[in-house]
Amino acid sequence: MIPSPLLPVEEALQAILAGVKGQTPVEHVDLVQALGRVLAGDLDARRTQPPVNVSAMDGYALIHADLTQLPARLAIIGASAAGHGFAGRINHGQAVRIFTGAPVPSGADTVIIQENTSADGDHVIINEAEALGRNIRKAGLDFVKGDALLKKGHRLSAPDLALAAAMNHAQLPVHKKPLIAILATGDELVAPGQEPGADQIVASNSFAVGAYAQAAGADVLDLGIAGDRYEDLQQAFARARAAKVDVLVTLGGASVGDHDLVQSALKREGMELGFWKIAMRPGKPLMHGRMDAMQILGLPGNPVSAIVCAVLFLVPLVRALSGDQQAGEDRSIAGILGCDLGPNDSRQDYLRASVTSQHHGLPIAIPFGRQDSSMLRTLAASQALVIRAPHAPAAKTGDPCRLVLL
């Protein structure tokens, strides 16, 4: 039998994102809970900022026409501070002491900074003039009531939260965080802190995979470790269904060996297999399917393979479920190779690499010499993945490359 060709990475990602039937429901959260969330609707300004003309500097508000002859001596008739404006009106020959952020009094058209003045009792001497209108922030300089400043599908950053607050929004409409269940599988695994048997290792993949899911905007349900028995797997699947998770991520056991039961157990439970095996290294045994409303993402058991697949496939899936309209965009950046590389084979390669410095503004990436997919130490020391396309020719130090930052 001729084996079917492996699915290219981009086609695999498109298939996974196509499985998103809709974004998660909308909820309203306080500003302090909104960082990293995705807006479920446009956000309009509820006020004008600043609401009135305000001073940009400490100094004196006055009428510019009074500065035709310098020095000019003006009577100080009051003060204007932020939150405590001057209620009267300035006439010719008068000035108001003003502070940064304070409302500009009626009649004034310019603010002279205090460094260009000197005091003379209840008068101020203007020693240097400035341009008409200088040091005044006009009403609406930042935004005007009704402006749609934050758009639906936008992932909220820290500055976005400040902007939303200034727009007078205490709560924001966002998509509910997707719930991602993570299940490690295999008799060889024990939880951290336990003493492994002679043929066992400590389970580690779920912590990095869960961290990437959380950073992308998901809540995570850790289903623990299921042994290589159908009963264990079925019980874990039942927990995921009962919790109504959006995505079940399995770690390991997705192949078809005698001890790789995950795929067959999922099929027994009604999973419709979308694809299995893709043309990449590490991560070839990636599996994707659907069980009712729940998407299934089967990641390889090797630690580096699982984590690289989480970066490339789980993170965009979480973003898409969260309503992020840029979820599927290419997030790689341009870089420069810091060493020679040989030609690549038919699978797209993701080489763990250190980033040493910059060359003309581009990061220089040096792949590690050993790229074994079991080596977490190397991955933890990496700052980027160097992407090598299928059948890429040999590359030299200084050649351009594409990087996925870690």
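Bear in mind that the values here come from a model prediction, so they are computed numbers and not experimental data.

> What should I look at first to understand the pattern of salt bridges in this one?
In a structure, side chains of opposite charge can pair up when their charged atoms sit close to one another. Enumeration according to the criterion identifies 10 salt bridges in this entry. The salt bridge involving aspartate 187 is made with arginine 229; its shortest N-O contact spans 3.3 Å. Here the residue aspartate 187 occupies a position in the loop between strand S13 (179-185) and strand S14 (189-190), and arginine 229 occupies one in the loop between strand S16 (219-226) and helix H4 (230-242), the gap between them amounting to 42 residues. On the basis of relative accessible area, arginine 229 is assigned to the partly exposed category, the value being 40%. A salt bridge links arginine 319 to aspartate 324, with the shortest nitrogen-to-oxygen separation between them at 3.3 Å.

> Quick question: what am I supposed to make of the sheet that holds strand S6 (residues 94-98) here?
Backbone hydrogen bonds hold the strands of a sheet together, and the pairing may be parallel or antiparallel. The sheet built from 6 strands is open, its strands ordered S7-S4-S6-S5-S9-S8 with mixed pairing. For this open sheet the edge positions go to strand S7 (110-113) and strand S8 (117-120), each flanked by a neighbour on one side alone. Averaged over all adjacent pairs, the angle separating strand axes in this sheet is 40°, with direction ignored.

> I tried to follow the sheet that holds strand S18 (residues 272-276) on my own but got confused; where do I start?
Sheet architecture is open: 6 strands sit in the order S16-S13-S17-S21-S20-S18, paired in mixed fashion. Of all strands in the sheet, those with a lone pairing partner are S16 and S18, marking the two edges. Across this sheet, the average inter-strand angle for adjacent strands is 20°, counted without regard to direction. In this sheet, strand S20 (residues 287-291) lies alongside S18 in antiparallel orientation, the contact comprising 4 bridges. Of the residues in S20, the one forming a bridge with glutamate 272 is arginine 290. Here helix H1 (residues 9-18) sits on the sheet and contacts S18, S20 and strand S21 (294-299); the angle it forms with S18, its principal contact strand, is near 160°. Helix-sheet contacts for helix H6 (residues 303-321) involve S13, strand S17 (247-251) and S21, and the interaxial angle to S21 is about 165°.

> Looking at this structure, I do not really get the environment of serine 55. What am I missing?
Here serine 55 is to be found in strand S3 (residues 54-55). Put simply, serine 55 and threonine 100 are 45 residues apart on the chain and 5.2 Å apart in space, counted from C-alpha to C-alpha. Among residues more than four places away in sequence, those in contact with serine 55 are Ile98, Phe99, Thr100, Gly101, Ala102, Val104, Val111, Asn135 and Arg137.

> When you look at H6 in this model, what are you seeing that I'm missing?
An α-helical segment advances 3.6 residues per turn. Residues three or four places apart therefore align on the same side. Taking 1.5 Å of rise per residue, 19 residues should cover 27 Å, and H6 covers 25 Å from first to last C-alpha, within 8% of that figure. The axis of H6 is deflected most strongly, by about 45°, at alanine 310. The element H6 is largely enclosed, with a buried count of 19 among its 19 residues. Among the residues trailing H6, glycine 323 stands out with phi positive, at a value near 95°.

What counts as what
- Residues numbered from 1 in each chain as written.
- Predicted model: local features only at pLDDT ≥ 70, side-chain atom pairs only at ≥ 80, totals over all residues.
- Heavy atoms only, no water.
- Salt bridge = Lys/Arg side-chain N within 4 Å of Asp/Glu carboxyl O.
- Helix = DSSP H or I, 4+ residues; strand = E, 2+ residues; numbered from the N terminus.
- Buried < 20%, exposed > 50% of the residue type's maximum accessible area, 1.4 Å probe, protein only.
- Pairing = 2+ DSSP bridges.
- Axes fitted to C-alpha atoms, helices over the stretch in contact; angles between N-to-C directions.
- Contact = heavy atoms within 4.5 Å.
- Expected span 1.5 Å × (residues − 1).
- Bend = angle between axes of the 7 residues up to and from the residue.

Limitation: the analysis is restricted to geometry and does not speak to function.
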